[in-house]
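Fold and geometry: a report
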Number of protein chains: 2
Amino acid sequence: MNFASPRWVMSQLHGDVWVLRIGHRLVRDERITTHVGLVARAFGARGIFVVGLEEGVKRKLDDVTERWGGPFRVEVMDEWRPVMRKWKEKGIVVHLTMYGLHMDDVMGEIRGLGKELLIVVGGEKVPKEVFDLADYNVAIGNQPHSEVSALAVFLDRYFMRRQLRKSFHGARIAVEPRRGGKRLLILKEQ
Amino acid sequence: MNFASPRWVMSQLHGDVWVLRIGHRLVRDERITTHVGLVARAFGARGIFVVGLEEGVKRKLDDVTERWGGPFRVEVMDEWRPVMRKWKEKGIVVHLTMYGLHMDDVMGEIRGLGKELLIVVGGEKVPKEVFDLADYNVAIGNQPHSEVSALAVFLDRYFMRRQLRKSFHGARIAVEPRRGGKRLLILKEQ
């Protein structure tokens, strides 16, 4: 998608939560970004915007969605600023950072707004502008950990644990939960 | 530490939760393992066993503990089997896997045992033996996501959210939570 058409972004915002992953420049971040994307999908987000050279990440995430079900979209963007700015016209932007206010102190307020939510997930070096553009800077505790865990715990609270029981559509495979070993269910043939 | 002295392991188990990270063989996993370790520390575990060539990971995690406080220990092991086996003599072993029973269905039972807890966190290819040795195979939902998020959400449930308010001892720096921007408190000079 070409961000020359930002209307597309707005067209996606119908009661859904999206994630924006910024700060990725180095190849070594690809696995972390993939994990962020998998968490976004598994924990109930509708899609993720990834910035920069992330075609490998998109392929991997799209492949998971094709096998395990959706809906879940991955959009590779050139810039993060327009995504944040456009989102703020209609919804709110929450930036996850260890420097922010404790999640448990603001979650009720955020949920109560009932607005389209964009969750911004950075890496170690996030530009100050991200802090300024965000409506909320939210900390999942004020200790260093990981953008992967921060996103997971935020979504877990936001969706009040229900996302882990979410059913996915169009899945070809699914897990049958077991005490031991692995069992995969083949839901439809390729 | 030499695992010829497994008594050391047992000596550590006084009401504490530890994490065992297995499945790391490739350099590209180092960042994921580091994130797993940071989550273990920030979410209340007492330490982590990492298996294999993880000296870089240990340095990074020890550095975080030195600056942000502890207690938190990182032990580099040659083998994961003896860690699991010794632990089972006294405590219980929970293996986090998307193939396991849903966390919310077994958490009460696990917490109720009141035993020393070892949480095993694998990667994509975990040997069947790990499933067999574990007392519980537990899924943080049955969708693919990440060992980083799985560990965070499990510990968040296990400690009933209290871990995010935990105070760390001997810290040189700490965050002052803010609505915007960053503020670090220098607690003691180097």
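Residues numbered from 1 in each chain as written. Chains lettered and ligands numbered in written order. Predicted model: local features only at pLDDT ≥ 70, side-chain atom pairs only at ≥ 80, totals over all residues. Heavy atoms only, no water.

Helix and strand counts for chain A come out as seven helices and eight strands. Taking the contacts inside chain A whose residues are at least 6 apart along the sequence as the reference set, 80% of them involve residues at least 24 apart. (Helix = DSSP H or I, 4+ residues; strand = E, 2+ residues; numbered from the N terminus. Contact = heavy atoms within 4.5 Å.)

Two elements in contact, helix 2 (residues 30–42) of chain A and helix 2 (residues 30–42) of chain B, have axes separated by 8 Å at closest approach and are oriented at 55°. The angle between the axes of helix 2 of chain A and helix 2 of chain B places the two elements in the oblique class. The crossing of helix 2 of chain A and helix 2 of chain B is right-handed. Counting all contacts with helix 2 of chain A, which are made through Arg31, Ile32 and His35 of chain A, the residues of helix 2 of chain B involved are Arg31, Ile32 and His35 of chain B. (Axes fitted to C-alpha atoms, helices over the stretch in contact; angles between N-to-C directions. Parallel < 35°, antiparallel > 145°, perpendicular 65-115°, else oblique. Left-handed = near helix turned anticlockwise from the far one by under 90°.)

Further remarks concern the relation of the copies chain A and chain B. Two copies of a chain can be linked by a rotation about an axis combined with a shift along that same axis. With an RMSD of 0.0 Å, chain A superimposes on chain B once it is rotated by 180° and translated 0.0 Å along the axis. The superposition operator between the copies reduces to a two-fold rotation axis. Rotation axis and chain A: the residue whose C-alpha lies nearest the axis is Ser149 of chain A, separated from it by 2.2 Å. Mapped onto chain B, 100% of the interface residues of chain A again fall at the interface, so both copies present the same surface. (Least-squares fit on C-alpha atoms with pLDDT ≥ 70 in both.)

All right, on to the sheet that holds strand 2 (residues 47–51) of chain B then. All names here are of chain B. Strand order in this open sheet of six strands is 3-2-1-5-4-6, and the pairing throughout is parallel. The open sheet is flanked by strand 3 (73–77) and strand 6 (136–139), the only strands paired with a single partner. Strand-to-strand twist in this sheet, taken as the mean axis angle between neighbours without regard to direction, amounts to 30°. Judged from the five bridges that link them, strand 2 and strand 3 form a sheet pairing that is parallel. Counterpart to Val50 in the pairing with strand 3 is Val76. Of the strands in this sheet, strand 4 (92–102), strand 5 (117–121) and strand 6 touch helix 5 (residues 103–113), which is tilted by about 170° from strand 4. (Pairing = 2+ DSSP bridges.)

Moving on, we come to helix 5 of chain B. Residue and element names in this part refer to chain B. Within the span of helix 5, buried status applies to Met103, Val106, Met107 and Ile110. For helix 5, the angular spread of buried residues about the axis comes to 125°, placing them on one side. Set apart from the buried face of helix 5 by more than 90 degrees, the exposed residues are Asp105, Gly108 and Gly112. In the core, the buried residues of helix 5 are packed alongside strand 4, strand 5, strand 6 and helix 7 (147–158). Downstream of helix 5 by one or two residues, Gly114 has phi in the positive range, about 60°. (Buried < 20%, exposed > 50% of the residue type's maximum accessible area, 1.4 Å probe, protein only. Arc of directions from axis to C-beta.)

It is worth spelling out the interface of chain A and chain B at this point. Often, the extent of an interface is quoted as the loss of accessible area on bringing the components together. Taken residue by residue, the interface counts 54 residues in chain A and 54 residues in chain B. For the pair chain A and chain B, the summed buried area comes to about 5,000 Å², and 57% of that belongs to carbon and sulfur atoms. At the surface where chain A touches chain B, the tally comes to five salt bridges. At the junction of chain A with chain B, the criterion picks out 15 residue pairs in polar contact (both at pLDDT 80 or more). (Buried area = accessible area lost by both parts, 1.4 Å probe. Salt bridge = Lys/Arg side-chain N within 4 Å of Asp/Glu carboxyl O. Polar contact = N/O pair within 3.5 Å; in protein donor to acceptor, adjacent residues only side chain to side chain.)

Here the focus is the side chain of Ser146 of chain B. Tracing the chain through its elements places Ser146 of chain B in the loop between strand 6 and helix 7. Taking the relative accessible area as the measure of exposure, Ser146 of chain B reaches 6% and is therefore buried. Those residues in contact with Ser146 of chain B that lie beyond four places of it in its chain are His35, Val39 and Val148 of chain A.

Residues and elements named next belong to chain A. For chain A, per-residue confidence averages 87 on the pLDDT scale, and 88% of positions sit at 70 or higher. Mean pLDDT values for the elements of chain A range from 40 in helix 1 (residues 7–11) up to 98 in strand 6 (residues 136–139). The low-confidence segment residues 1–14, where pLDDT is below 50, has 28 contacts with residues more than four positions distant or belonging to other chains. Two summary scores accompany this predicted model of the complex, namely pTM at 0.91 and ipTM at 0.90. (pLDDT = per-residue confidence, 0-100.)

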